Amino acid sequence: MKLKKMLAWLTAMAMIGTAALATACGSEDDASSSKTESSAAESKDAAADDAEAEDLAADDADAEESGSTDDETAAYAEALAGTLWLGMDAEYNCYAMGFNDEEIVFEADDGSSASGYWGVTAGDPTIYIFEDAELTNQIASIPWSYDMENGVMILNDNVIMAQADSYSFSDAATAMQQMATAAKVQEYLQGTYWVGTDDTSASAISMSSDTLEIIELSQDGTLDQGSFLWSMDYDTLNAYDENYNLLASFGWDISEDGSELQLTNDGESVVYTQVSEEDANAVVAYLYSVMGLEESAG
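Because the structure is a prediction, the values reported are computed rather than measured.

(A) Summary view of the overall build of the protein chain. A tally of helices and strands in the protein chain yields three helices and 16 strands. Buried positions account for 33% of the 298 residues belonging to the protein chain. Long-range pairs, those at least 24 residues apart, make up 42% of the contacts in the protein chain with a sequence separation of at least 6. Accessible area of the protein chain: about 17,300 Å², with a carbon and sulfur share of 48%.

This is the structure we're talking about:
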């Protein structure tokens, strides 16, 4: 090939390459534009999908939370149906509250009462009382909390209610009369110390408006003391920790002349008599003397 023809051929190839490059660039721009538009569309679709997924997740979470609430509410309803609860406050006011599957009765020894149909919702610290079974016409509400695990109900933040196993929903009035007796006993015990002994220990109890104090001295000199929240019903004195976890239950009975108090725990009964000591230190010293032990310096 002659040099001139070769130059012309290379020039032609170069022009074709340039044209091809130009065409390719145009295609690339178009492709890029198309790709950008496609990416934008895909991003929009992805964003929409993400938003939809978030909405679905939120709906699922709401549904799960609602389902959990519904389950807990159903558990409350099942646990409460057919039960009667009794309690008193620090002023010795007595309360009884009974449930059946739909109806509720509330009695207080000041003469107030309420009855109707009841409803509760998990997470809502209120018992609602309605006039109708459809729960549409509310007639009363009672602040409460309920610990199913420990079987403790608290009304108005200051009345610890214990379940009365020997009474049913229809016995609220009778149970209230029994509670009135318990209230008199609690008032009688208020601010006094009572000491009882058995084969292995001596113990003392005292009740204030909100605490039950127990002091126990064993034969080996071990001294245990504790203050607990209390509730009392017609035949049981209950001790709770600060979180209302039930620690112990004592059956109680007091003699007709009020000189003796009998407490029963785990089938073992101890008779207590009132002592003149007026404070815990004096009572501890008295327990040491009763047990024939020398009081520890510590």
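(B) Examining the nonpolar core more closely. Residues Met88, Met232, Leu237, Trp252, Leu261 and Leu263 are the most contacted members of the largest nonpolar core, which totals 32 residues. With eight residues, the single largest contributor to this core is helix α2 (residues 172–189). Leave out the neighbours within four places in its chain, and Leu261 touches Leu189, Trp194, Ile205, Asp253, Ile254, Val270, Val271 and Tyr272. Counting 22 residues, the second-largest nonpolar core is a separate cluster that includes Leu80, Trp85, Phe99 and Ile142.

(C) Representation of the pairing of strand β3 (residues 103–108) in the model. Here five bridges tie strand β2 (residues 94–99) to β3, and the two strands are oriented antiparallel to one another. Each residue of the ladder has a partner; that of Met97, found in β3, is Phe106. Linkage of β2 to β3, two consecutive antiparallel strands, is achieved through a turn of three residues. Pairing of β3 with strand β4 (residues 113–119), which is carried by five bridges, proceeds in the antiparallel orientation. In the strand pairing of β4, Glu107 is matched with Ser113. Following β3, the chain reverses through four residues before pairing antiparallel with β4; Gly111 in that reversal takes a positive phi of roughly 100 degrees.

(D) Quick look at the environment of Ala239. When you line up the elements, Ala239 lands in strand β13 (residues 236–240). Once you skip the residues sitting within four places of it in the chain, Ala239 turns out to touch Leu212, Phe228, Leu229, Asn245, Leu246, Leu247 and Ala248.

(E) Seen up close, a negative patch on the surface. A cluster of acidic residues, Asp198, Asp199, Glu216, Asp224, Asp266 and Glu268, forms a negative patch at the surface. Secondary-structure assignment places Glu268 in strand β16 (residues 268–275).

(F) Examining the packing of aromatic side chains more closely. The final tally for this structure, using the stated rule, is eight aromatic pairs. Judged by centre distance (5.0 Å) and plane angle (75 degrees), the ring pair of Phe99 and Trp118 falls under edge-to-face. Of the two residues, Phe99 sits in strand β2 while Trp118 sits in strand β4, which places them 19 residues apart along the sequence. Each of the two residues, Phe99 as well as Trp118, counts as buried. On the numbers, 5.5 Å between centres and 20 degrees between planes, the contact of Trp144 with Tyr146 is stacked. One exposure class covers both Trp144 and Tyr146, and it is buried.

Criteria and thresholds
- Residues numbered from 1 in each chain as written.
- Predicted model: local features only at pLDDT ≥ 70, side-chain atom pairs only at ≥ 80, totals over all residues.
- Heavy atoms only, no water.
- Helix = DSSP H or I, 4+ residues; strand = E, 2+ residues; numbered from the N terminus.
- Buried < 20%, exposed > 50% of the residue type's maximum accessible area, 1.4 Å probe, protein only.
- Contact = heavy atoms within 4.5 Å.
- Areas by Shrake-Rupley, 256 points an atom, 1.4 Å probe, with all protein chains shown as cover.
- Core = buried A, V, L, I, M, F, W, Y, C linked by side-chain atoms within 4.5 Å.
- Pairing = 2+ DSSP bridges.
- Patch = residues over 30% accessible without salt bridge, like charges linked within 9 Å, V, L, I, M, F, W, Y side chains within 5 Å.
- Salt bridge = Lys/Arg side-chain N within 4 Å of Asp/Glu carboxyl O.
- Lys, Arg positive; Asp, Glu negative; His and termini not counted.
- Charge placed at Lys NZ, Arg CZ, Asp CG, Glu CD.
- Phe/Tyr/Trp six-rings, centres within 6.5 Å; stacked < 30°, edge-to-face > 60°.

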